[in-house]
Structures are given as structure tokens and as C-alpha cells.
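Below are the chains, spelled out letter by letter.
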Amino acid sequence: MGFLDILLGRTRPAVPDLDRLFGLPSAAVTLQAAAEFTPTGRGSVCFTTVEGSAFAGIRQDVADLLNADTERDPSSVEFSRDSYGYSWLLSRRGPDDLASLVGDLHAVNTALEGSGFGPQLLCSLVGFSNAEGRTFALVYLYKRGTFYPFAPLPGEKRDNALELRIRAVVADDLHMEGDLSRWFPVWGAPGL
């Protein structure tokens, strides 16, 4: 950061560190031990929709990459668009195969970033649930390089107490977002 940046109050954005996604398996162990939440086997990547043949090509390349696993059901990778116009890629794995799911999410993010579509990446998330049916997602903010929990309730409400509890439980495993105003809701996100 330069002298003028300091004087004018400008800051540089955090550099995304996609390797932080690989902290999710250890966070899952902590969550299971401390809060009895386990992975659902579903995770997704959200990005702004881009029209054109270049993006269509990379989208097909990503689908081909994820479906290259011969033991995987081709229907376990799904693209969709939400009511806000954002695109989602949903990947499904077994609940006990979080490492492969994280590998899928990392591969999708890396492929989009490597093809020049990094600015379109918004977030990635991995779903968790407990025996009582409570669910939440750990959301990775691409542009911030941080995680936060999102725990939806019926009627587009949030379980803030659970979110704060989850943050406390995984704070040693993941780089958590300190600014609570950046804990954006992802209503109806695939994988949640």
C-alpha cells in the first residue's frame, strides 16, 4: 500500500486464497466433536452469470472435469440459476467424502479463476446438518478469502445464535470473516 493510499483511506482488497477451502475437512471433525454437526455431502459455487461462448466453454470444461470420476453419477453435478440471476454449480458426494467435495469446489474455483473469470466468483459453500434436522452452511467469500456460517430458518430468517456458536467452534480451523455485516444470506442456495 502506498503513502497516498494511506492518506486517502484506500485499502487493497484481500487476495483470494482458494487453498483455505482445504481447511474444511478439519473444521468438519471439530464440528462433529463439539457441536454434533456432520457434512451433508453437498457443496456449491456461486458466480455471476456471464453470457458468451468463452464462458459456455469453461462451464462445459468444469462439468467434464467433475464428471471425469468414473465412480461418480453424472447427475451429481448440476448447474442452476437463482431468482437473483446468479449461477450455481452444485456438487454432490457422499457425506463421508468431504475431501472429494472440497476438491470439486476448489477445482471449479480454480478453473474459473484461471480462465479469467475470477471477478465473477462470489462464494462457495458446504452444507452441514445434525440429528435434529438443523442445517447450516460454511460459506467461503471468494473476494475476502474468509468463511462465515449461514444458518437459515423457515420464512427467510436466520439462526444468529447458531451462526455465532459455529464461528466460535471453527475459529481455530478456518479464517473467519470478522465483519458480521459481510455475513450475507444465501437464501435457497443449492447445497444447503
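Please refer to the structure placed before this passage.
The present account deals with the structure reproduced in this document. This is a predicted model, so every value here is computed, not measured.

1. A look at the overall build of the protein
Summing up its helical and strand segments, the protein has five helices and eight strands in all. Put simply, the protein runs from its N terminus to its C terminus through helices and strands in the order α-α-β-α-β-β-α-β-β-β-β-β-α. For the protein, the C-alpha radius of gyration of 17 Å lies close to 16 Å, the compact-globule estimate for 192 residues. If one aligns the C-alpha atoms of the protein with their principal axes, the spans along those axes are about 55 × 40 × 30 Å. Relative to its full complement of 192 residues, the protein shows a buried share of 43%. Partitioning the contacts of the protein with sequence separation of at least 6, the portion at a separation of at least 24 is 65%.

2. A word on empty space enclosed by the protein
One pass over the structure, following the stated rule, counts one cavity of 30 Å³ or more. Roughly 30 Å³ of volume is contained in the largest cavity. Considering the residues around the largest cavity, the lining is formed by Phe47, Phe55, Ile58, Arg59, Val62, Phe79 and Leu112. With four residues, the top contributor of residues to the lining of the largest cavity is helix H3 (residues 53-66). Grouping the constituent residues of the lining of the largest cavity by class yields six nonpolar, no polar and one charged.

3. Structural notes on the packing of aromatic side chains
Scanning the entire structure with this criterion turns up five aromatic pairs. Here the aromatic rings of phenylalanine 128 and phenylalanine 136 are separated by 5.3 Å at their centres, their planes lie at 10°, and the arrangement is stacked. Their ring planes at 75° and their centres at 5.2 Å tell us that phenylalanine 150 and tryptophan 187 sit as a pair that is edge-to-face. Of this pair, phenylalanine 150 sits in strand S6 (residues 146-150) while tryptophan 187 sits in the segment after helix H5 (160-170), placing them 37 residues apart in sequence. With a relative accessible area of 0%, phenylalanine 150 lands in the buried category. Overall, tryptophan 187 belongs to the partly exposed group, its relative accessible area being 24%.

Thresholds, definitions, all that
- Residues numbered from 1 in each chain as written.
- Predicted model: local features only at pLDDT ≥ 70, side-chain atom pairs only at ≥ 80, totals over all residues.
- Heavy atoms only, no water.
- Helix = DSSP H or I, 4+ residues; strand = E, 2+ residues; numbered from the N terminus.
- Rg over C-alpha atoms; globule rule 2.2 N^0.38 Å.
- Buried < 20%, exposed > 50% of the residue type's maximum accessible area, 1.4 Å probe, protein only.
- Contact = heavy atoms within 4.5 Å.
- 1 Å grid on protein atoms, 1.4 Å probe; cavity = no way out; pocket = protein on both sides within 12 Å on 5 of 7 lines; lining within 4 Å.
- Points joined across faces, edges and corners; volume = space filled by probe spheres on them.
- Nonpolar A, V, L, I, M, F, W, Y, C, P; charged D, E, K, R; others polar.
- Phe/Tyr/Trp six-rings, centres within 6.5 Å; stacked < 30°, edge-to-face > 60°.

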